[in-house]
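# Notes for the structure review
Next come the chains, spelled out residue by residue.
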Amino acid sequence: MNRRPTIIDVARKAGVSKSTVSLVLQNSPSVREDTRQAVRQAMADIGYVYNRSAANMRMSNAGLIGLVINDLRNPFFTEFATSLQMALAEKGYSTVIANADENADLQEQVVSSMIEHGVSALIICPTYGDTKATFDAIARAGIPTMQMLRQVDDRLELFPFIAPDYVSGSREATRHLIEMKAHRIAFVGGLEGRAVTEERKAGYLEVLREAGMKPVVMTGKSSREFGRNAAKKLTEEHPDIDAAVCFNDLVALGMLSGFYEIGRKVGEDFLIVGFDDIQDVAQTYPALSSVRCDIAAIGARAANTVVNWLEHQETPQPAMRTPVSLSVRQSSQMKKRRT
């Protein structure tokens, strides 16, 4: 070898990834001992010398992933950000996280700052609104970037997209409520016209068409407050409705509170299925049924996809959907016991 060996040469010699070599150099406890020995032997064989001062300089930007979240107050996105950050750390990458607070201008500001600070890649759970300037700036910078959970830019060859199979989730939730003998089912929550709302609503509408049932859609903010008010409004305006598929778990949790206030028993008088299956919903009473998106698995997949893009130039598929399942709990299954 006529040039000075690099960390990539060590990785090839040892048959591991560049990030694994980095973890060995950092004495990370997450590396198995046999892998650590193989990497050390490869370093000795090719004469690699770790330049710590140069590495410290590089750490200011190299191996740094920018993660922009549309709303960190929402526990679904908080759980996702945590899972993704941990998955990237296992691969030797650091993460800088910013909250866009559902504000397109703020999103543009934080993305520009991350580009200026030299992040290696960007993962964005984008806000809605005028986001073209944000993604145009990323395209000019040539930084690998993924859209997560929401898609707002159609240039999927530049900004690939990963999200759960929302349509399948609402389809399964609606079929479950029909099996539980619900007579009339509403879809509650989600702002009208947004892609994620339309997807989560689509499976519900499809199943009701198949069953010959008339839909009732009540869109609005994906918040507990909206769900609480929706419970009262549905009871007043549509007393025949006895079940709901909610846009997300926050709306469903709000409906639990709203029905409790007016003395309507969830799981008996009214059946509810949420969406996302955040950690808290299993701890409510009654425990909330929800479409499980497996947030940890999505974070792991996103981390693998971005790292392979960076280290092996493996361009991701334009659009990827992850599987969902239904976590059935008390809020939607007690009615089955009634005669």
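Before any of the text, the structure's been laid out above.
One structure accompanies this document, and this report is about it.

Definitions and cut-offs
- Residues numbered from 1 in each chain as written.
- Predicted model: local features only at pLDDT ≥ 70, side-chain atom pairs only at ≥ 80, totals over all residues.
- Heavy atoms only, no water.
- Buried < 20%, exposed > 50% of the residue type's maximum accessible area, 1.4 Å probe, protein only.
- Helix = DSSP H or I, 4+ residues; strand = E, 2+ residues; numbered from the N terminus.
- Contact = heavy atoms within 4.5 Å.
- Expected span 1.5 Å × (residues − 1).
- Arc of directions from axis to C-beta.
- Polar contact = N/O pair within 3.5 Å; in protein donor to acceptor, adjacent residues only side chain to side chain.
- Axes fitted to C-alpha atoms, helices over the stretch in contact; angles between N-to-C directions.
- Parallel < 35°, antiparallel > 145°, perpendicular 65-115°, else oblique.
- Left-handed = near helix turned anticlockwise from the far one by under 90°.
- Nonpolar A, V, L, I, M, F, W, Y, C, P; charged D, E, K, R; others polar.
- Pairing = 2+ DSSP bridges.
- Phe/Tyr/Trp six-rings, centres within 6.5 Å; stacked < 30°, edge-to-face > 60°.
- Lys NZ or Arg CZ within 6 Å of the ring centre and 35° of its normal.

A few words now on helix α1 (residues 7-14). Among the residues making up α1, those that are buried are I7, D9, V10, A11 and A14. Elements in contact with the buried residues of α1: α2 (18-25) and α3 (33-46). Of the residues one or two after α1, G15 is the one with positive phi, at around 70°.

Attention shifts here to the environment of Q330. Along the chain, Q330 falls in helix α13 (residues 330-333). Counting along the chain gives 228 residues from Q330 to E102, while the straight-line C-alpha distance between them is 33 Å. Filtering out sequence-adjacent residues up to four positions away, Q330 remains in contact with G267, Y285, P286 and A287.

Between its terminal C-alpha atoms α3 stretches 20 Å, which fits the 20 Å expected from 14 residues at 1.5 Å a residue. Buried within α3 we find T35, R36, V39, A42 and M43. One side of α3 carries all its buried residues, which in axial view fall inside an arc of 125°. Opposite the buried face of α3, at more than 90 degrees from it, the exposed residues are Q37 and A44. Where α3 ends, the next residue or the one after it, G47, has phi of about 80°, a positive value.

Attention now moves to the side chain of S332. Assignment of secondary structure puts S332 in helix α13. Within the structure, the side chain of S332 is placed 2.7 Å from the side chain of H176, a separation counted as a polar contact. Once residues lying within four places of it in the same chain are set aside, the contact partners of S332 are H176, L177, M180, L271, I272, V273 and S289.

Two elements in contact, helix α10 (residues 224-237) and helix α11 (residues 249-262), have axes whose closest approach is 6 Å; the angle formed by their N-to-C orientations is 45°. It follows from the interaxial angle that α10 and α11 lie oblique. For the element pair α10 and α11, the recorded crossing hand is right-handed. Facing α10, whose interface residues are R224, F226, G227, R228, A231, K232, L234 and T235, α11 presents L250, V251, L253, G254, M255, S257, G258, F259, E261 and I262. Looking at the contact of α10 with α11 residue by residue, the class counts come to nine nonpolar, five polar and four charged.

The subject of this paragraph is the sheet that holds strand β5 (residues 161-164). Reading across from one edge, β2-β1-β3-β4-β5-β11 is the order of the six strands in this open sheet, with parallel pairing throughout. The open sheet has two edge strands, β2 (94-99) and β11 (319-322), and neither has a second partner. Across the sheet, the mean angle from the axis of one strand to that of its neighbour is 20°, orientation sign disregarded. Taken together, the four bridges between β5 and β11 define a ladder with parallel strand orientation. Residue I162 lies in a different strand from β11, and its bridge partner there is M320.

Turning our eyes to something else, we now look at the packing of aromatic side chains. Counting across every chain of the model gives five aromatic pairs. Centroid distance F135 to F159: 5.0 Å. Interplanar angle 65°. Geometry classified as edge-to-face. Of this pair, F135 sits in helix α7 (residues 132-141) while F159 sits in the loop between β4 (145-148) and β5, and the two are 24 residues apart along the sequence. Assigned by exposure class, F135 and F159 land together as buried. Geometry around F247 places R200 over its ring, the cationic atom sitting 5.0 Å from the centre.

Moving on to the sheet that holds strand β6 (residues 185-188). The strand order β7-β6-β8-β9-β10-β12 describes an open sheet built from six strands, whose pairing is mixed. In this open sheet, the two edge strands, each paired with only one partner strand, are β7 (216-218) and β12 (325-327). Across the sheet, the axes of successive neighbouring strands diverge by a mean angle of 20°, strand direction being ignored. With three bridges connecting them, strand β8 (residues 243-246) and strand β9 (residues 271-276) associate as parallel partners. Residue pairing in the sheet places V245 in a bridge with V273 of β9.

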